[in-house]
Amino acid sequence: KTFLTPLLFLFVFQVFAQQKATVSGKVLDAGTEEPLPYATITITKQNTEKMFAGVIADEQGRFVFEEVPVGNYMVSFSFVGYETKKIPLLIGELNHSYDVGKIGLAASGQELEEVSVIAKREIVSSGLDKKSFSVEDNISQSGGSALDAMRNLPGITVDPEGKVLLRGSDNVSVLIDGKSSSLTGFGNQKGLANIPASNIESIEIINNPSAKYNAAGMAGIVNIIYKKEKETGWNGEAGFTTGVGELTQRRGNLPNISDKYAFTPKLNPNVSLNYRTGKVNLFLQADGIIRKRVNTNEFTQRDYTDGSTDISSQFLENRSQKLYNIKGGLDWDINKNNTLTLFALRQYEEHIDLGDVPYDNMETGERRRLWLWREDEQTKFINYSASFTHRFEQPGHEFNLTYLYTGGGEDELFSFSDSSATRQSDDVTHLVVNEYVHNISLDYVKPLRAGRMELGSKISLRNIPITYIIEPGQNSILDPNLGEWSKYKEDVYAFYANYVWQSNNYDLEAGMRFEPTNVKYNLDPANAYYDNTSYQYSPLFLNIRLTRNLDEVNTLSLFYNRRVDRPGEFEVRPFPKYDDPEILKTGNPALRPQFTQNFELAYKYFWSIGSAYSSLFYRKIGGIISRIYTTDAQATDAIINNIPQNLGKGTNLGLELVVDQQVTDQWNLNANLNWYRNHINAFSGTLLYPYAQPFEFAESSTYTWNFKVNSNLKFGQGWDFQLTSVYYAPDIIPQGRIKDRYSLDFGLKKKVWSNKAEIWLAATDILNTFQIEREIEGENFNLTAFNYYETQVVTLGFKYKF
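Residues numbered from 1 in each chain as written. Predicted model: local features only at pLDDT ≥ 70, side-chain atom pairs only at ≥ 80, totals over all residues. Heavy atoms only, no water.

Draft legend 1. The arrangement of the confidence of the model for the protein in detail. Considering every residue of the protein, the mean pLDDT works out to 84; 91% of them sit at 70 or more. Across residues 1-18, where pLDDT falls below 50, the model places 62 contacts with residues more than four positions away in sequence or in other chains. Under a pLDDT of 50 for its full length, residues 109-126 has, in the predicted model, 49 contacts with residues more than four places off or in other chains. (pLDDT = per-residue confidence, 0-100. Contact = heavy atoms within 4.5 Å.)

In structure tokens, the structure reads:
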């Protein structure tokens with residue numbers, strides 16, 4: 001197998017949205033400072049001397065220009081009996097609103113000197129701090145989920161557990177429309193797999209967020225932008241996608257177990273409605289998913305160095321799933337200065353997982369044990385928000401007050417049995433997890449002539465109560481000493497200030513965010529391993545971005561920011577998850593946050609039909625959170641525990657390259673390379689579960705990379721074709737390595753009915769090569785795992801806009 005295969009297939013769907021801005025100000029008499037009503041204001045392109053737009057001031061002398069593109073302009077002010085005045089204006093990529101302030105005009109006879117600046121023109125409007133990608137143009141992932149759509153984005157990888165990794169780190173903050181959501185903040189972001197890509201307008205990647213964003217997320221922020229119609233009256237979109245997965249079999253089952261799902265069906269209807277009048281905008285989106293899939297199919301070999309019998313096993317998980325999403329809201333322009341927005345989102349999901357886990361002697365093939373299990377789980381996510389915005393007379397000068405409630409719940413009934421000769425056991429666990437988060441935020445923005453000032457605060461109150469009831473059978477492997485409940489509470493109080501300044505040659509953004517945090521974790525007194533814990537910390541987070549505009553086509557930026565990764569609920573949950581009855585994934589209530597300092601140097605270059613972006617980044621990490629594997633020598637059978645720990649210090653050094661080229665009018669190429677070095681310092685500590693065990697790690701480091709090359713072709717008459725190839729090089733994990741993998745995807749789309757409708761056909765991992773292979777070296781054992789989970793899916797879809 002060679003990594004050269006993906007290099008044969010090229011493209012990219014990267015699309016940068018054109019940035020536009022609002023320009024405002026007020027025209028006065030320079031002597032009396034009285035307003036000059038009905039003064040004439042024009043904007044002229046400096047490099048062409050062609051007038052872009054003109055307006056007349058109102059009775060108060062105020063004026064507003066809308067939809068002004070990026071570029072260099074000269075603004076001219078004139079009024080009968082007064083000298084004309086001109087000022088230069090740079091519309092950059094960092095600001096949406098500009099205030100040229102109060103412009104005083106002198107009476108006729110007074111000479112004014114004209115001020116001029118060197119013209120500057122941005123060819124691509126995306127700034128170095130943020131990259132935006134259109135989901136609609138990502139044809140190869142049509143019919144997939146938000147998680148599928150992210151897999152093709154530069155710098156992003158997705159693992160089978162639903163974690164989003166950005167530049168090699170899974171500590172990523174995922175937002176929806178710029179706000180936290182229960183869909184992306186609960187259960188390790190597994191809700192992303194249940195958001196259809198059909199409802200998404202675009203996805204933004206923010207590697208170096210400013211102080212106005214929460215400080216969580218070592219690697220940065222991924223922001224999902226939902227579709228929202230802007231046309232007046234009734235409009236909307238309806239669609240239907242069907243598909244089938246698991247078309248071929250990469251490896252046969254171990255003998256005498258249930259059949260693996262094959263040719264798994266998928267159904268996804270969706271509808272979006274919008275009604276907009278002069279003052280009111282109503283919107284509603286709904287979709288449903290009915291599908292079957294092979295959620296996990298992992299073959300594991302465990303070699304024991306202490307003389308125990310080596311084990312070969314298979315963890316098979318067949319899933320049947322149903323879910324629906326409903327999102328709706330109201331935008332009400334109370335008057336020209338005040339807007340009220342109400343929003344609600346709800347998702348309900350239920351699935352049944354059926355699985356067999358056989359354990360065979362590796363040498364003889366003799367069946368030692370056969371676990372049969374069933375999981376019935378319902379999850380629910382809900383968001384409510386109310387937002388009030390007051391706009392001052394100056395465009396872009398506004399105040400916003402928002403209340404946001406996010407909630408999530410998981411109700412899991414898990415039953416499993418062992419019918420082996422050595423142990424007849426029927427066990428049941430019932431886990432109920434709820435999450436309640438109340439957020440109140442205040443945000444203030446004041447446009448300046450060459451930038452803006454942002455101030456704000458936020459209160460986030462988070463509560464997670466859990467109940468865990470077990471029904472152990474005879475000779476059960478369940479641990480009766482964990483207790484039956486826990487209560488996690490985290491309160492974060494944030495205050496921030498952020499300043500943006502722009503000139504022709506330099507841009508500066510600097511901010512700081514203060515986040516005092518209180519954590520309290522109460523456990524059932526029956527828990528024999530962990531005590532109640534509470535702690536406080538008050539970190540200060542700084543961000544700086546300095547950009548040098550070298551010339552019209554070359555830009556250089558330097559970034560610094562500090563961020564935090566707080567342990568997620570699943571990482572501190574003391575109750576085990578039986579993904580494999582003998583490899584128990586357990587949380588650690590003693591975990592503490594990890595802190596990261598990010599340094600980055602970025603450069604971009606544009607030419608008439610393409611662009612190149614490069615970034616060199618370096619991270620210093622303290623208190624690294626990572627899972628480690630240990631054996632339970634006191635168990636009757638060989639149990640392996642997988643527990644998160646704080647592992648001291650480490651560093652990441654990386655390079656990101658993105659190249660976009662319009663080869664012909666019909667052919668566009670894009671390539672993305674991410675290379676990074678992961679380094680973990682030597683560390684030793686003590687595990688508390690299931691008994692005190694010292695552990696130690698030697699210093700480790702590796703170099704790894706991933707590469708994505710895609711190709712978009714337009715054939716005319718509404719036909720579009722996309723071919724996408726992804727390659728992940730080998731990487732290290734604590735105590736082991738992940739081997740390389742690659743996939744090839746394609747998509748075909750045809751516009752019909754006067755471009756009001758689309759039909760598409762898409763296929764992911766058509767070569768069926770994207771399996772995950774891991775090698776783990778633990779104390780007294782070596783583990784090799786091959787996970788052939790479902791990656792090969794073909795979908796056919798249709799949507800109609802009305």
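Draft legend 2. Just the packing of aromatic side chains, in detail. Within this structure, the stated rule accounts for 30 aromatic pairs. Between Trp675 and Tyr703, the ring centres sit 5.7 Å apart and the planes meet at 20°, which makes this aromatic pair stacked. Of this pair, Trp675 sits in strand β36 (residues 667-680) while Tyr703 sits in strand β39 (residues 700-716), and the two are 28 residues apart along the sequence. Owing to a relative accessible area of 28%, Trp675 belongs among the partly exposed residues under this scheme. Looking at Tyr703, the relative accessible area reads 52%, which means it is exposed. An aromatic cluster is built from Phe315, Trp371, Trp373, Phe414 and Phe416, whose rings are joined through pairwise contacts. The ring of Phe786 carries Arg251 above its face, with NZ or CZ at 5.9 Å from the centroid. (Phe/Tyr/Trp six-rings, centres within 6.5 Å; stacked < 30°, edge-to-face > 60°. Helix = DSSP H or I, 4+ residues; strand = E, 2+ residues; numbered from the N terminus. Buried < 20%, exposed > 50% of the residue type's maximum accessible area, 1.4 Å probe, protein only. Lys NZ or Arg CZ within 6 Å of the ring centre and 35° of its normal.)

Draft legend 3. The sheet that holds strand β3 (residues 51-56), seen in detail. Taken in spatial order, the four strands line up as β3-β2-β5-β6 in an open sheet, and their pairing is antiparallel. Because the sheet does not close on itself, it has two edges, and the strands there are β3 and β6 (85-91). On average, each strand axis in the sheet is inclined to that of its neighbour by 20°, with strand direction left out of account. Pairing geometry for strand β5 (residues 71-78) and β6, over seven bridges, is antiparallel. Within β6, the position partnered with Val75 by the bridge is Ile87. (Pairing = 2+ DSSP bridges. Axes fitted to C-alpha atoms, helices over the stretch in contact; angles between N-to-C directions.)

Draft legend 4. Inspection of the pattern of salt bridges at higher detail. Per the stated rule, a full pass over the model turns up 21 salt bridges. Arg774 is the salt-bridge partner of Glu298, the closest N and O atoms lying 2.9 Å from each other. With Glu298 in strand β16 (residues 280-304) and Arg774 in strand β45 (residues 772-778), this residue pair connects regions lying 476 residues apart in the sequence. Pair check on accessibility: Glu298 and Arg774 agree, each one buried. For Arg573, the salt bridge is made with Glu410, and the minimal N-O distance between the two is 3.7 Å. Here Glu410 lies in strand β20 (residues 398-419) and Arg573 lies in the loop between α3 (569-572) and β29 (577-580), a separation of 163 residues in the sequence. (Salt bridge = Lys/Arg side-chain N within 4 Å of Asp/Glu carboxyl O.)

Draft legend 5. Representation of the side chain of Glu298 in the model. Look at Glu298 and you get buried, because its relative accessible area is 15%. Dropping the residues within four chain positions of it, Glu298 is found in contact with Ser313, Gln314, Phe315, Arg774, Ala785, Phe786 and Asn787.

Draft legend 6. Geometry of the nonpolar core. In terms of nonpolar packing, the biggest core is built from 49 residues, with Phe416, Tyr578, Ile640, Phe781 and Leu783 touching the most fellow members. Apart from the residues lying within four places of it in its own chain, the contact partners of Ile640 are Arg302, Tyr304, Glu582, Ile583, Leu584, Tyr629, Thr630, Thr631, Phe781 and Leu783. Ranked by size, the runner-up nonpolar core spans 27 residues in total, among them Ala149, Ile156, Ile176 and Phe343. (Core = buried A, V, L, I, M, F, W, Y, C linked by side-chain atoms within 4.5 Å.)

Draft legend 7. Expanded view of the pairing of strand β33 (residues 625-632). Of all eight residues in β33, eight are buried; the element is thus mostly enclosed. Of the two faces of β33, the one lined by Ile625, Arg627, Tyr629 and Thr631 and the one lined by Ser626, Ile628, Thr630 and Asp632 are each fully buried. As defined by bridge partners, β33 adjoins strand β34 (residues 639-646) across eight bridges and the pair is classed as antiparallel. Following the sheet pairing, Ile625 is matched in β34 by Asn646.

Draft legend 8. Focus on the sheet that holds strand β7 (residues 97-105). If you trace the three strands from one edge of the open sheet to the other, you get β4-β1-β7, paired in mixed fashion. One side of each edge strand has no neighbouring strand; the edge strands of this open sheet are β4 (62-69) and β7. Direction aside, neighbouring strands of the sheet carry axes that sit 20° apart on average. As paired strands, strand β1 (residues 20-29) and β7 are joined by seven bridges and run parallel to one another. Considered in β7, the bridge of Val27 is made with Ile103.

Draft legend 9. Just a nonpolar patch on the surface, in detail. Taken together, the side chains of Trp501, Tyr506, Leu546, Leu550, Leu556, Leu558, Phe599, Leu601, Leu616, Tyr618 and Leu653 make up a nonpolar region of the molecular surface, amounting to roughly 910 Å² of accessible area. Of all the secondary structure elements, the ones that give two or more residues to the nonpolar patch are β28 (554-565), β31 (594-607) and β32 (610-622). Structurally, Leu653 can be placed in strand β35 (residues 649-662). The class for Leu653 is partly exposed, based on a relative accessible area of 30%. (Patch = residues over 30% accessible without salt bridge, like charges linked within 9 Å, V, L, I, M, F, W, Y side chains within 5 Å. Areas by Shrake-Rupley, 256 points an atom, 1.4 Å probe, with all protein chains shown as cover.)

Draft legend 10. Looking closely at unusual backbone geometry. For the bond from Tyr689 to Pro690, the omega torsion is 0°, close enough to zero to count as cis. Structurally, Pro690 is set in the loop between β37 (683-687) and β38 (693-697). Unusually for a residue other than glycine, Glu67 sits at a positive phi of about 55°. Of the residues examined, Glu67 reaches a relative accessible area of 51% and is grouped as exposed. The phi dihedral of Phe263 falls on the positive side, at around 50°, and the residue is not glycine. By relative accessible area, Phe263 is classed as exposed at 55%.

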